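An overview of the molecular structure
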Amino acid sequence: MHFTYNVEGGNFTRAGYASSEIKKILKQLNVDLAIIKRTVVASYEAEVNIVAHAYSGTIFVDITPETILIKFVDEGPGIPDIAMAMKEGFSTATSKVREMGFGAGMGLPNIRKNVDNMNITSEVGKGTVLELTMYLQ
Amino acid sequence: MAEKYFHHALKFRREVCIGCSHCMNVCPTQAIRIHSGKAELTDNRCVDCGKCYMACPVGAIIVEQDDFSQIFMYRHRIALIPGVLLGQFPGKVTNMQIYSVLLDMGFTEVEEVEKGTGILRMAMDSYLQENHHLKPLISSFCPAIVRLIQVRFPSLTENIMLLKAPLDVTATYIRKKYAEMGVDPKEVGIYYITPCAAKIAAVKSPVGDKFSQIDGVINMDVIFNKVYTAMKQGFAGKNQCSLPVSAPLKPFQQLWTLTEGEASLFPGRSLAIDEISNVIEFLEKLENEETCDINFLELRACDQSCAGGILASGNRFFTVERLRKTAIETAAKEDTKVVEASNDILNHTQHLLQNMAVSKVLPRAMDKLDEDMKMAMLKMQMVREIMKTLPYVDCGLCGAPTCRALAQDIVQGKAKITNCIFIQKKYEQKNWLNPQETMDILKQVWGDDKFTDPDNTKFVTL
């Protein structure tokens, strides 16, 4: 099953909407509660990343009885050094973003911790593609 | 699948129901549908919040209570009264006057529900410290909220504090007290005067506890009427009471059941949220985040917490104001003279703390479309297809509260797409249904009565 959500950069009022929708879908599909929790935490973090750093983005969700695949594609500045961004505590979030409770510098490592597989590619000046996979069996 | 999880205190009286669907439209868990002109409840979705009871214009929904005469099966008949009862009355009513009315009714002792909150507070304090890793911890106080979390937010069940509610702590104390007096437990009957339906349901089928300490419940409006009548008659002969009236509870105990009653007591960040839609909105958000800076959540299903209980007769805002005022007065007295009477419950602190725990609260997810994920996916696909044809108006004329609810009912085989009045009109245009057939469908949902004209009325032309 496929679902697509658009994400607007800089608009924190709606940040988390797509992740909430994904959560509702997974609940209806009777996915294991622990898996829902990990998926939604990771998805929420990734969604907020787009809002915080990119101009716009799209979330593609693909669910089969075997896997949940969520792909975050954004148009934005990209990540110059992915290895650095993967380090615990690294954050480029502005102080304004931090005040809203987002961006504690645990973005990518935290996402990786919660998912079964994570794949990230980025092109500076163009954008980032983040793919998350959860195995259901 | 059809296993019944919960006992419900709310009963729908078919013979009184006029099928107006007011209840269906206010139900926060979408547990109500209309069939044959009558409201019908899906048991496992209902959390006993009582929104439907408040919305019903004809009193078709009632709150079940025990036959009052049952109390006489016991030699010792104890009435457990909630603090909000005292805040119901416009004039000054003393504890003693209320006790005297209860005595007249046949009770032999009266105890305040919040008496156990002092010891509960200690237990909560240490629970919060010991279970820091589970934050935010959610109070187990409101039974409607506990059930809401079970059905709508199952992943948060582990955050619910596994401690007794004040009612059960105080009841445990009473049982211990009588046991120490050498009284046969079978001779002790504890009756709870309840401000809401959820508490009744919790007494009849406790979540996380094997059995309840309470023998029966009496709705608070019944007692309100008795006291109010006595008040209007000037409490003739009721200003004396042979029952010992204990010293007033501490101010924090008096305010426990109001909003902020618990949240204001604990160190660290706490939040108090009342009214079930507010709670749902907040829990939706909470579920998305892994980390949360809040240590403690006090969540109550009713606006103004128990002061807004569905069996409360007084205006909830006045009730809150009166109780706060009384608490301030008590606090002032505490300053001037030491009130240390009737602290018998403190003698049982150890026993109560040892019996404070309840077992794990289990998730009972009700959102799933099917147990089997492949089947659930198929059904979800069907829901999406059906939603493309429905109007998104949520008019409720199909007998379901929203278009999405109808779509889900259809895939579960509980409704037909032609229940939708927009679809009916479209089908009429295409000659797939004739007016008689669409009328028959409407009658299946709303009953025949709404479509028959009384014999002697003439059509009024405007």
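This one's a predicted model, so the numbers in the text were calculated from it and none came from an experiment. (Residues numbered from 1 in each chain as written. Chains lettered and ligands numbered in written order. Predicted model: local features only at pLDDT ≥ 70, side-chain atom pairs only at ≥ 80, totals over all residues. Heavy atoms only, no water.)

Counting its secondary structure elements, chain A contains 5 helices and 5 strands. Secondary structure elements of chain A, listed N to C terminal, follow the sequence β-α-α-β-β-α-α-α-β-β. The contacts of chain A with a sequence gap of at least 6 include a subset with a gap of at least 24, amounting to 64%. For chain A, the computed accessible surface area is about 6,700 Å², with 51% contributed by carbon and sulfur atoms. (Helix = DSSP H or I, 4+ residues; strand = E, 2+ residues; numbered from the N terminus. Contact = heavy atoms within 4.5 Å. Areas by Shrake-Rupley, 256 points an atom, 1.4 Å probe, with all protein chains shown as cover.)

Before going further, it helps to spend a moment on the sheet that holds strand 10 (residues 270–274) of chain B. Remark on secondary structure: sheet strands pair via backbone hydrogen bonds, oriented parallel or antiparallel. Across the sheet, 3 strands lie side by side as 7-11-10 (chain B); this open sheet has parallel pairing. Two strands lie at the open edges of the sheet, namely strand 7 (137–138) and strand 10 of chain B, each paired on one side alone. (Pairing = 2+ DSSP bridges.)

This part takes up helix 14 (residues 373–389) of chain B. In this model, helix 14 of chain B (17 residues) spans 25 Å end to end at C-alpha, consistent with the 24 Å of a helix rising 1.5 Å per residue. Where helix 14 of chain B is concerned, the buried positions are Met373(B), Ala376(B), Met377(B), Lys379(B), Met380(B), Val383(B), Ile386(B) and Met387(B). Tucked into the core, helix 14 of chain B has its buried residues touching strand 1 (2–8), helix 1 (17–28) and strand 2 (56–63) of chain A together with helix 15 (403–411) of chain B. (Expected span 1.5 Å × (residues − 1). Buried < 20%, exposed > 50% of the residue type's maximum accessible area, 1.4 Å probe, protein only.)

Residues and elements named next belong to chain B. This model, assessed by the stated rule, comprises 10 aromatic pairs over all chains. Ring plane angle 85° and centroid distance 6.3 Å describe the contact between Phe-68 and Phe-72, whose orientation is recorded as edge-to-face. For Phe-72, a relative accessible area of 47% puts it in the partly exposed group. Between Phe-224 and Tyr-228, the aromatic rings sit 5.2 Å apart at their centres with planes inclined by 15°, giving stacked as the arrangement. Separated by 4 residues within a single helix, Phe-224 and Tyr-228 lie in helix 9 (residues 220–232), roughly one turn from each other. Ring pairs connect the aromatic residues Phe-68, Phe-72, Tyr-74, Phe-107 and Tyr-191, which therefore count as one cluster. We note Lys-199 situated over the ring of Phe-141; from NZ or CZ to the ring centre the distance is 3.9 Å. Seen from the ring of Phe-141, Arg-300 lies directly overhead, with NZ or CZ sitting 4.2 Å from the centre. (Phe/Tyr/Trp six-rings, centres within 6.5 Å; stacked < 30°, edge-to-face > 60°. Lys NZ or Arg CZ within 6 Å of the ring centre and 35° of its normal.)

Residues and elements named next belong to chain B. Along the chain, Glu-385 turns up in helix 14. Classification of Glu-385 as partly exposed rests on a relative accessible area of 40%. With 93 residues separating them along the chain, Glu-385 and Cys-292 place their C-alpha atoms 37 Å apart.

Attention shifts here to the packing of helix 4 (residues 95–105) of chain B against helix 9 of chain B. All names here are of chain B. Relative to each other, helix 4 and helix 9 sit at 110°, their axes nearing to 10 Å. Our classification of the angle between helix 4 and helix 9 gives roughly perpendicular. In this structure, the crossing between helix 4 and helix 9 has a hand that is right-handed. Together, Ile-98, Val-101, Leu-102 and Met-105 of helix 4 and Ile-223, Lys-226, Val-227 and Ala-230 of helix 9 make up the contact between the two elements. Its residues placed into classes, the contact of helix 4 with helix 9 shows 7 nonpolar, no polar and 1 charged. (Axes fitted to C-alpha atoms, helices over the stretch in contact; angles between N-to-C directions. Parallel < 35°, antiparallel > 145°, perpendicular 65-115°, else oblique. Left-handed = near helix turned anticlockwise from the far one by under 90°. Nonpolar A, V, L, I, M, F, W, Y, C, P; charged D, E, K, R; others polar.)

Here we come to the domain arrangement of chain B. The parts lose accessible area when they come together, and the size of an interface is often stated as this lost area. The domains assigned to chain B are domain 1 (68–354) and domain 2 (369–462). Its C-alpha centre places domain 1 of chain B at a distance of 44 Å from the equivalent point of domain 2 of chain B. (Domains from an automatic or database assignment.)

With that out of the way, let us pick up unusual backbone geometry. With omega at 5°, the peptide bond leading from Lys135(B) into Pro136(B) counts as cis. You will see that Asn30(A), though not glycine, has its phi angle at about 60°, which is positive. By the secondary structure assignment, Asn30(A) is in the loop between helix 1 and helix 2 (33–53). The residue Ser36(B) is not glycine, and still its phi comes out positive at about 50°. Note on placement: Ser36(B) falls in the loop between strand 2 (32–35) and strand 3 (38–41). Assessed through its relative accessible area of 45%, Ser36(B) is described here as partly exposed.

What follows deals with the nonpolar core. By size, the foremost hydrophobic cluster in this structure holds 119 residues, and its most contacted members are Leu80(B), Leu102(B), Leu148(B) and Leu283(B). Lining this core are residues from two domains, each supplying at least three of them: domain 1 (68–354) and domain 2 (369–462) of chain B. Apart from the residues lying within four places of it in its own chain, the contact partners of Leu148(B) are Thr29(B), Val47(B), Phe153(B), Ile276(B), Val279(B), Ile280(B) and Leu283(B). Ranked by size, the runner-up nonpolar core spans 44 residues in total, among them Phe3(A), Val31(A), Ala85(A) and Ile111(A). (Core = buried A, V, L, I, M, F, W, Y, C linked by side-chain atoms within 4.5 Å.)

Glancing now at the interface of chain A and chain B. Residue-level contacts link 26 residues of chain A with 26 residues of chain B. When chain A packs against chain B, the two sides together hide about 2,300 Å² of surface, and 57% of this comes from carbon and sulfur. Inspection of the region where chain A meets chain B yields 4 salt bridges. Measuring nitrogen to oxygen at the nearest pair gives 3.0 Å for the salt bridge that ties Glu287(B) to Lys23(A). (Buried area = accessible area lost by both parts, 1.4 Å probe. Salt bridge = Lys/Arg side-chain N within 4 Å of Asp/Glu carboxyl O.)

What follows concerns the environment of Thr157(B). All names here are of chain B. Positionally, Thr-157 belongs in the loop between helix 6 (143–152) and helix 7 (166–180). In this structure Thr-157 comes out as buried when scored by relative accessible area, which is 7%. Residues Thr-157 and Leu-137 lie 20 residues apart in sequence; the distance between their C-alpha atoms is 9.9 Å. Those residues in contact with Thr-157, other than ones at most four positions away along the chain, are Ile-149, Gln-150, Val-361, Leu-362 and Pro-363. At 2.8 Å, the side chain of Thr-157 and the backbone oxygen of Pro-154 are in polar contact. (Polar contact = N/O pair within 3.5 Å; in protein donor to acceptor, adjacent residues only side chain to side chain.)

With that settled, the discussion passes to a nonpolar patch on the surface. Residues and elements named next belong to chain B. There is a patch of nonpolar side chains on the surface, built from Met-122, Leu-346 and Leu-353 and spanning about 230 Å² of accessible area. Examined against the element boundaries, Leu-346 turns out to sit in the loop between helix 12 (316–336) and helix 13 (349–354). When its relative accessible area of 40% is taken as the criterion, Leu-346 is described as partly exposed. (Patch = residues over 30% accessible without salt bridge, like charges linked within 9 Å, V, L, I, M, F, W, Y side chains within 5 Å.)

Turning next to a negative patch on the surface. Residue and element names in this part refer to chain B. A cluster of like negative charges, contributed by Glu-437, Asp-440, Asp-448 and Asp-449, occupies part of the molecular surface. Positionally, Asp-449 belongs in the segment after helix 17 (435–446). For Asp-449, a relative accessible area of 67% puts it in the exposed group. (Lys, Arg positive; Asp, Glu negative; His and termini not counted. Charge placed at Lys NZ, Arg CZ, Asp CG, Glu CD.)

Residue and element names in this part refer to chain B. In strand 6 (residues 109–112), alternate side chains face the same way, and those of Glu-109 and Glu-111 on one face and Val-110 and Glu-112 on the other are all buried. Bridge count between strand 5 (residues 76–81) and strand 6: 4 bridges; the pairing is parallel. Each residue of the ladder has a partner; that of Ala-79, found in strand 6, is Val-110.

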